[in-house]
Each structure stands twice: as C-alpha cells, then as structure tokens.
Amino acid sequence: MPPTVDLRSDTVTQPTAGMRAAMLAAPLGDDVFREDPSVNALQDNIARLLGFESALFMSSGTQSNLCGILAHCQRGDEYLTGQMAHCYRWEAGGAAVLGSVQPQPLNHQADGSLSLDDIDAAIKPDDAHYARSRLLTLENTLGGKVLPFEYVQQATALAHSRGLARHLDGARLFNAAVAQAAPNGQTPWQQARRIAQCFDSVSVCFSKGLGAPVGSALCGSREFIARAHRLRKMVGGGMRQSGMLAAAASYALAHNVDRLATDHVLMRRLALGLKNIDGVEFEMPQTNILFVDLTGAARERGAALIEHLREQGILVTGLYRLRFVTHLDVDEAGIDRAISAMRSFFS
Ligand SMILES: *Cc1c(COP(=O)(O)O)cnc(C)c1O
C-alpha cells in the first residue's frame with residue numbers, strides 16, 4: 001500500500017529531520033521568567049520581520065486571536081468580523097464567552113472580503129443602545145482566498161478613520177504573501193510585511209503550512225503585547241521551556257516560507273486534474289486550499305466518496321463540500337493519486 005496522502009489540513013505535517021534537530025539543539029530557559037533564549041529570539045525575529053515593536057509566542061492560533069481581541073477590547077465592546085472568520089465561527093465563541101466582547105459578523109463577498117459599505121454601516125454611533133465598536137478583524141487567506149492588497153489597505157484605512165483598531169488573523173499570512181508577491185513586484189517577506197503593516201496587530205500560525213508542530217505568534221506594539229502577555233497567562237498560555245517549540249517555529253520561518261509556492265502549484269495541479277468531472281464543482285484555488293462542491297446526484301454520495309478515497313489512501317474532510325489542502329508532506333505523486341481516485345469514483 002503506498003503511503004497515505006493526507007489532504008485534510010496543512011496542520012497534519014510531521015516535523016522534518018532538520019526541524020527536529022533544531023528543536024533538540026535549542027537553548028532553553030523558563031519563559032514565564034522570560035528567560036528562554038529560543039522563545040525570545042523567535043519573538044524578536046517575527047516582530048522585526050513583520051515590522052512590529054513586539055511579539056508573543058502563543059500555544060495556538062485560537063489563543064493568539066483571543067488574546068489579541070481581548071487586548072484591543074474591553075467588556076461591552078464589539079469586534080467587526082466575517083461570518084466565516086475563524087475568530088468568530090471556529091473558536092468556540094471565546095471572545096464573547098471569556099471576554100464579554102460581542103462579535104458583529106458581516107457577510108463575505110465572493111472574494112472573501114467584507115464590503116467597505118457593510119463595514120461602514122456596522123460601525124455603531126456612540127449611543128447607549130449599542131455595544132462600542134472597537135475593532136475590525138480580517139482574515140488572510142480566508143478559505144484559501146487571498147484578499148486583494150488594495151482592499152486590505154482600504155478596509156483597514158476605513159476602520160482607522162472611524163476610530164477602530166485592526167487585527168489580522170494571518171494564520172496563513174505567508175500563503176497570501178507568496179501568492180501576491182510576484183504580481184506586486186515584491187518578495188514573499190516584503191509582501192507579508194506590507195500586508196501586516198496595515199494592521200495594529202497580526203496573528204500568524206507556525207503549525208499550518210509552515211510545518212511546525214505547535215505555535216503561533218501575536219505581533220503588535222510594545223504596550224499591546226504587554227496587555228496580551230497578561231491575558232495569555234490568564235488563559236493558561238504561560239509556558240516554560242517552550243524554546244523547543246519556538247525553535248521549530250524559527251526553523252519554519254527560515255526554511256518553509258518560500259516553499260509554500262510548491263503547495264500552491266500542487267493545489268492547482270489537483271484542481272486541473274478534477275476539471276470536467278460531472279457532479280463536481282469548484283472555483284480555481286488561489287493558494288493551498290480547494291473546496292469541491294458535490295452537485296446533482298453526487299450530492300448524496302459524499303460519504304461514499306470519502307470512503308472510496310480513504311480506501312485508496314487519500315484523506316479529505318467534508319460531506320457535500322469536500323476540502324483538499326496541500327502542504328509539506330504532499331508531493332506530485334500523491335496529488336496524481338488523489339486525482340485518479342476521484343476520477344475512478346465518478347467514472
Ligand atoms: C487554524 C486557524 C486558526 C487557529 O489556529 P489553532 O492553532 O488551530 O488554534 C486561526 N485562524 C485561522 C484562519 C486558522 O486557519
């Protein structure tokens with residue numbers, strides 16, 4: 001049996017030999033005393049690379065978004081966000097439950113953006129009826145879609161002009177930056193920094209396409225990160241010799257940013273291979289994620305399809321809408337097997 005091709009998520013990657021060696025070699029200390037040199041080096045590095053004063057290593061993207069939102073907002077404030085935003089829909093309502101911060105979700109446009117008119121209309125006047133509009137959050141990439149850079153500039157400028165802070169859930173910021181770099185005449189790091197600089201705070205994940213086992217970073221001003229530091233402690237995120245994890249993240253930043261382009265090429269290959277199958281519809285992927293809708297009679301066959309793929313060693317998630325994600329541990333041969341398995345099911 002050939003190896004399993006796990007296309008469920010870019011979180012399933014195994015640390016490479018080089019990453020494991022970096023983890024083993026990492027100098028360690030107690031990070032609650034702020035004495036872990038590997039954590040400090042990662043935080044300094046990611047803050048500098050994205051153009052912020054300060055950064056904080058977080059155990060997860062969920063923790064990073066939560067501490068970010070709570071560091072911007074007080075009890076009774078609200079954050080404008082997207083209906084499909086991870087920090088609204090997929091984080092167990094943490095900002096509301098733990099912070100008494102109300103989400104104001106807005107519908108997405110087809111390209112994943114929130115319209116400027118909707119943002120403008122959702123910002124509440126200072127009136128006793130309303131929660132205080134305090135923050136706009138955007139997500140980039142969102143479901144694999146890259147927000148147009150001009151849009152990011154406009155939406156964040158609008159929020160700023162209305163007195164709102166701006167937070168980016170950049171779990172896959174580097175996928176966006178890699179996809180947008182060349183058309184903008186930038187390197188991926190330059191583009192990542194340009195996107196990040198539109199915001200007051202940015203959360204990035206190391207455990208997605210970058211291939212680290214654990215961890216995210218929250219970036220912002222020194223004062224903002226000081227508030228987030230207390231909140232991280234409050235939610236149990238004060239870690240000790242976490243330098244082994246930070247070393248994996250530093251390794252990922254040094255080795256795995258540019259190679260995200262490979263994931264995007266493989267995803268395009270998969271999409272092209274699935275073209276013109278009756279019962280299958282999708283938009284061409286922009287980065288490393290593809291959503292495939294089952295239509296017509298195929299809609300009732302989702303469970304059977306997933307089982308058929310599993311028997312061929314191909315793992316995906318979904319039911320009526322399948323999700324395929326490429327990452328470090330997927331190669332061309334695996335993608336071609338996924339295409340064949342899909343085609344054999346529908347033939
Ligand atoms: C995965 C993800 C998160 C949360 O990261 P975890 O480490 O799984 O908590 C946040 N935002 C987006 C867009 C994500 O894809």
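Quick notes on the rules
- Residues numbered from 1 in each chain as written.
- Predicted model: local features only at pLDDT ≥ 70, side-chain atom pairs only at ≥ 80, totals over all residues.
- Heavy atoms only, no water.
- Pairing = 2+ DSSP bridges.
- Helix = DSSP H or I, 4+ residues; strand = E, 2+ residues; numbered from the N terminus.
- Near = heavy atom within 4 Å.
- Polar contact = N/O pair within 3.5 Å; in protein donor to acceptor, adjacent residues only side chain to side chain.
- Areas by Shrake-Rupley, 256 points an atom, 1.4 Å probe, with all protein chains shown as cover.
- Nonpolar A, V, L, I, M, F, W, Y, C, P; charged D, E, K, R; others polar.

Participant: Sorry, what's going on with the pairing of strand E10 (residues 289–294) here?
Facilitator: Within a regular strand, side chains alternate between the sheet's two faces. Pairing of strand E9 (residues 280–281) with E10, which is carried by two bridges, proceeds in the antiparallel orientation. Across the sheet, the residue bridging to valine 280 is leucine 294, located in E10. Bridge count between E10 and strand E13 (residues 321–325): five bridges; the pairing is antiparallel. Directly across from phenylalanine 291, in E13, lies its bridge partner arginine 323.

Participant: Got a minute to help me understand the site of the ligand in this structure?
Facilitator: As a matter of local geometry, the ligand sits amid Ser60, Gly61, Thr62, Asn65, His86, Glu91, Glu139, Asp169, Ala171, Arg172, Cys205 and Lys208. Between the ligand and glycine 61 there is a distance of 2.8 Å, counted from an oxygen atom to a backbone nitrogen or oxygen. Here aspartate 169 contributes a side-chain N or O atom positioned 2.6 Å from a nitrogen atom of the ligand. Compared with its free state, where it exposes 370 Å², the ligand has 82% of that area covered by protein. If one sorts the elements of the shell around the ligand by residue count, helix H3 (residues 61–72) sits on top with three residues. For the shell around the ligand, a count of residues per class yields two nonpolar, five polar and five charged.

The analysis is restricted to geometry; functional conclusions fall outside its scope.
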